[in-house]
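Structural overview for review
The residues making up each chain are set out below.
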Amino acid sequence: MATKFELSDLIRTEHFIDGKWVASISGKRFDVTNPATGEVIATIADGGEADARAATDAAARAFPAWRDALPKDRAAVLHRWHALMLENADVLGRLISLEQGKPFAEGRGEVLYGASYVAWFADEATRIYGDLIPQQQRGKRMSAVKEPVGVVAAITPWNFPLAMIARKIAPALAVGCTVVGKPAEDTPLTALALVMLAHEAGVPPGVLNLIASSRESAVPAVADWLHDGRVRKITFTGSTPVGKYLARESAETLKKLSLELGGNAPFIVFDDADLDAAVDGLLVSKFRNGGQTCVCPNRVYVQTSVYEKFGDMLAKRVAALKVAPATDSAAQIGPMINARAVDKIARHVDDAVSKGARALTGGKRLTALGPNYYAPTVLADATSEMQLSCEETFGPVVPLFRFEDEAEAIHAANDTPFGLASYFYSQDVRRIDRVSRQLEAGIVGINEGAISSEAAPFGGVKESGYGREGSKYGLDDYLSIKYLCQGGLD
Ligand code: NAD
């Protein structure tokens, strides 16, 4: 059996339901385009309510057998899927670059990152323990066992088209849930390819089902899952307004929810920081995927005494970043995902400049490269009155805010409804302890810009959502606890 695929083998244009590739019941299709050029990559099935229902039917039918499979057998399937992802890392990386725009090295890196969750949860599948509860009464035995919640609906964004869906499917399948999924309309091809590899790895028919939908069709398709009592859990990564909508709409059937939502990450540079390390950390965390990540710093607070120096050091490095299509092997930043994204970035920068910000570098569209490119930008003299201080810019823009003391920095960092990632640089051990306790965020990077790992719990607080992905905690969202009380034992 050939396990190494060509790009053309991996471009699937239909839904995957009950182990088969099927067209939409409505016959509708939509275009997937390359953000670097606007060219159509593929015209694919556009799934609506009826397709979502067919996926749920299949997942509900497949659930009892998958739930009852031995954990080591589920683990073996996930390990095979992981091996196929690694074997096809280059071609998957190219597919990610093609539909999402990130440079190939990052696309390939995303494959390895997503695959690491599959390996992690394959191992965890065999380690789901319950408890024997210490005896409280003679003749009675009490225990707690963990069971899969049932059919899980997974809905994902476009910025990590492989990793986001892999880290939802893997824990769900590991514990014995079955899955219906819908990737973002901008980047469905990677998810469809991943599902094809899962099928090759031996995931049984009906256990994993994926429909692709245009933005318009996504609403009724997902609504069907929200209102269907057989879907016991929604796992969503995306924007906060959509997350709130899913929470409201699913309340009718009281589903379990995991919501990985938007961020507005602060990055604080104290005057006792190693400034070279802080610049390195900021470049890593801010410019991955051109600034289109939920954990990337959106607001950079620099203590007054090092403000000018840090701004100069950063601007030099940012000005040297190579912006180019993913096909250019030297590319460090690709196009933004679509015209709407570039318009938002330009709106934020123009608003900031009109309120007194100074561009140390960048501050403009790069129209010579194409309509979706924006120059990596550093803005000095940012203030809390500017739009970019309260909304995710989701692009390659670093606004630099000044602060005088620790209390002011912490207050500013927490002065947002969001609480996903946060970062700070300091070499004072007591400050490190104080600041990490006070930051209202699910993730704190301390003298470190690269925080993601399959072994760590990823997730937010406040309006960045709830639930954790990865780590030993990442299975809990897919499990419920059953209490068994056995009497008459004396
Ligand atoms: P989005 O919320 O617009 O879309 C996410 C998904 O929801 C897509 O599949 C989309 O088709 C679907 N969707 C949108 N509206 C819907 C509706 N009314 N009904 C049903 N489905 C709907 O987000 P996006 O623009 O794709 O992604 C960017 C956002 O995701 C940012 O806010 C970013 O911070 C967030 N994000 C969060 C994390 C995290 O782990 N917390 C990770 C990556 C991205």
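Scroll up to find the structure.
This write-up is about the structure you can find in this document. Keep in mind the model is a prediction, meaning the values are calculated, not measured.

In this section: the overall build of the protein chain. For the protein chain, the count of helices and strands is 14 helices and 22 strands. With respect to the principal axes defined by its C-alpha atoms, the protein chain has extents near 75 × 60 × 40 Å. Looking at the protein chain as a whole, 58% of its 490 residues qualify as buried. Accessible surface computed for the protein chain: about 19300 Å², of which carbon and sulfur atoms make up 53%. Looking at charge distribution, the protein chain has the averaged site of its 53 positive side-chain charges lying 4 Å from that of its 60 negative ones.

Once that is clear, we can look at the site of the ligand. Surveying the vicinity of the ligand reveals 30 residues, the closest of which are T156, E185, S239, L261 and E392. G238 is positioned such that a nitrogen or oxygen atom in its backbone is 3.4 Å from an oxygen atom of the ligand. Contact distances for the ligand include 2.5 Å between an oxygen atom and a side-chain N or O atom of S239. When the free accessible area of the ligand is taken as 840 Å², the share hidden by the protein chains comes to 92%. Residue assignment for the shell around the ligand shows that the elements contributing at least two residues are α6 (163–175), α8 (215–227), β10 (231–237) and α9 (240–250). When residues of the shell around the ligand are assigned to their parent elements, the largest contribution, four residues, is made by α8. A class-by-class count of the residues in the shell around the ligand yields 17 nonpolar, seven polar and six charged.

With that settled, the discussion passes to unusual backbone geometry. A negative phi angle is the norm for most residues apart from glycine, just as the trans form is the norm for most peptide bonds. The backbone phi angle of D18 is positive, close to 55°, even though this residue is not glycine. Along the chain, D18 turns up in the loop between β1 (15–17) and β2 (20–22). Even without being glycine, S471 reaches a positive phi, approximately 70°. Positionally, S471 belongs in the loop between β21 (465–466) and β22 (479–486).

Moving on, we come to the environment of R299. Position of R299 relative to the elements: it lies in strand β13 (residues 297–303). Given the relative accessible area of 1%, R299 is considered buried. Along the sequence, R299 and C390 sit 91 residues apart, while their C-alpha atoms lie 8.8 Å from each other. Sequence-distant contacts of R299, defined by excluding residues within four places in its chain, comprise N264, A265, P266, F267, L388, S389, P399, F401, A412, A413 and T416.

This part takes up the sheet that holds strand β14 (residues 358–361). An order of β14-β15-β16-β13-β12-β18-β19 is seen for the seven strands of this open sheet, with the pairing classed as mixed. Looking at strand neighbours, the two that pair on one side only are β14 and β19 (443–446), the edges of this open sheet. On average, adjacent strands in this sheet sit at an angle of 25° to one another, irrespective of strand direction. Note that β14 and strand β15 (residues 377–382) share three bridges and pair antiparallel. Opposite T361, over in β15, you have V378 as the bridge partner. Together, β12 (265–269), β13, β14, β15 and β16 (397–403) form the strand contacts of helix α11 (residues 304–319), whose direction differs from that of β16 by roughly 170°.

Counting 67 residues, the largest nonpolar core has I268, V295, F310, L314 and L400 as its most contacted members. Sequence-distant contacts of L314, that is, excluding residues within four places in its chain, are made with V279, L282, V378, V398 and L400. Core analysis: the second largest hydrophobic core is formed by 64 residues, L162, L192, A201 and L475 among them.

This part is about helix α7 (residues 188–200). With 13 residues, α7 ought to run about 18 Å at 1.5 Å a step, and its terminal C-alpha atoms sit 19 Å apart, in line with that. Of all the 13 residues making up α7, eleven are buried; the element is thus mostly covered by neighbouring parts of the structure. Taken as a whole, α7 has its buried residues at P188, L189, T190, A191, L192, A193, L194, V195, M196, L197 and A198. Phi for G202, located one or two positions after α7, is positive at around 105°.

Roughly 1000 Å³ of internal volume is contained in the largest pocket. Lining of the largest pocket is provided by 38 residues; of these, W158, R215, G238, S239 and V242 occupy positions nearest its centre. Every element with two or more residues in the lining of the largest pocket is listed here: α8, β10, α9 and α12 (339–354). Sorting elements by how many residues they give to the lining of the largest pocket places α9 first, with five residues. Looking at the lining of the largest pocket, its residues break down into 19 nonpolar, ten polar and nine charged.

Moving on, we come to the packing of helix α3 (residues 71–87) against helix α5 (residues 104–124). Following both chains from N to C, one finds α3 and α5 inclined at 165°, their axes separated by 8 Å at the closest point. In terms of orientation, α3 and α5 fall into the roughly antiparallel class. Considering how the two elements wind past one another, α3 and α5 form a crossing that is left-handed. Judged by residue contacts, A75, L78, H79, W81, H82, M85 and L86 of α3 engage V111, L112, G114, A115, V118, A119, F121, A122 and D123 from α5. A breakdown of the residues in the contact of α3 with α5 according to their chemical character gives twelve nonpolar, three polar and one charged.

The subject of this paragraph is the state of the cysteines. Considering all chains together, one arrives at zero disulfides under this definition. For C296, which is in no disulfide, the shortest distance to another cysteine sulfur is to C294 and amounts to 8.1 Å. Taking the relative accessible area as the measure of exposure, C296 reaches 5% and is therefore buried.

What counts as what
Residues numbered from 1 in each chain as written. Predicted model: local features only at pLDDT ≥ 70, side-chain atom pairs only at ≥ 80, totals over all residues. Heavy atoms only, no water. Helix = DSSP H or I, 4+ residues; strand = E, 2+ residues; numbered from the N terminus. Buried < 20%, exposed > 50% of the residue type's maximum accessible area, 1.4 Å probe, protein only. Areas by Shrake-Rupley, 256 points an atom, 1.4 Å probe, with all protein chains shown as cover. Lys, Arg positive; Asp, Glu negative; His and termini not counted. Charge placed at Lys NZ, Arg CZ, Asp CG, Glu CD. Near = heavy atom within 4 Å. Polar contact = N/O pair within 3.5 Å; in protein donor to acceptor, adjacent residues only side chain to side chain. Nonpolar A, V, L, I, M, F, W, Y, C, P; charged D, E, K, R; others polar. Contact = heavy atoms within 4.5 Å. Pairing = 2+ DSSP bridges. Axes fitted to C-alpha atoms, helices over the stretch in contact; angles between N-to-C directions. Core = buried A, V, L, I, M, F, W, Y, C linked by side-chain atoms within 4.5 Å. Expected span 1.5 Å × (residues − 1). 1 Å grid on protein atoms, 1.4 Å probe; cavity = no way out; pocket = protein on both sides within 12 Å on 5 of 7 lines; lining within 4 Å. Points joined across faces, edges and corners; volume = space filled by probe spheres on them. Parallel < 35°, antiparallel > 145°, perpendicular 65-115°, else oblique. Left-handed = near helix turned anticlockwise from the far one by under 90°. Disulfide = S-S within 2.5 Å.

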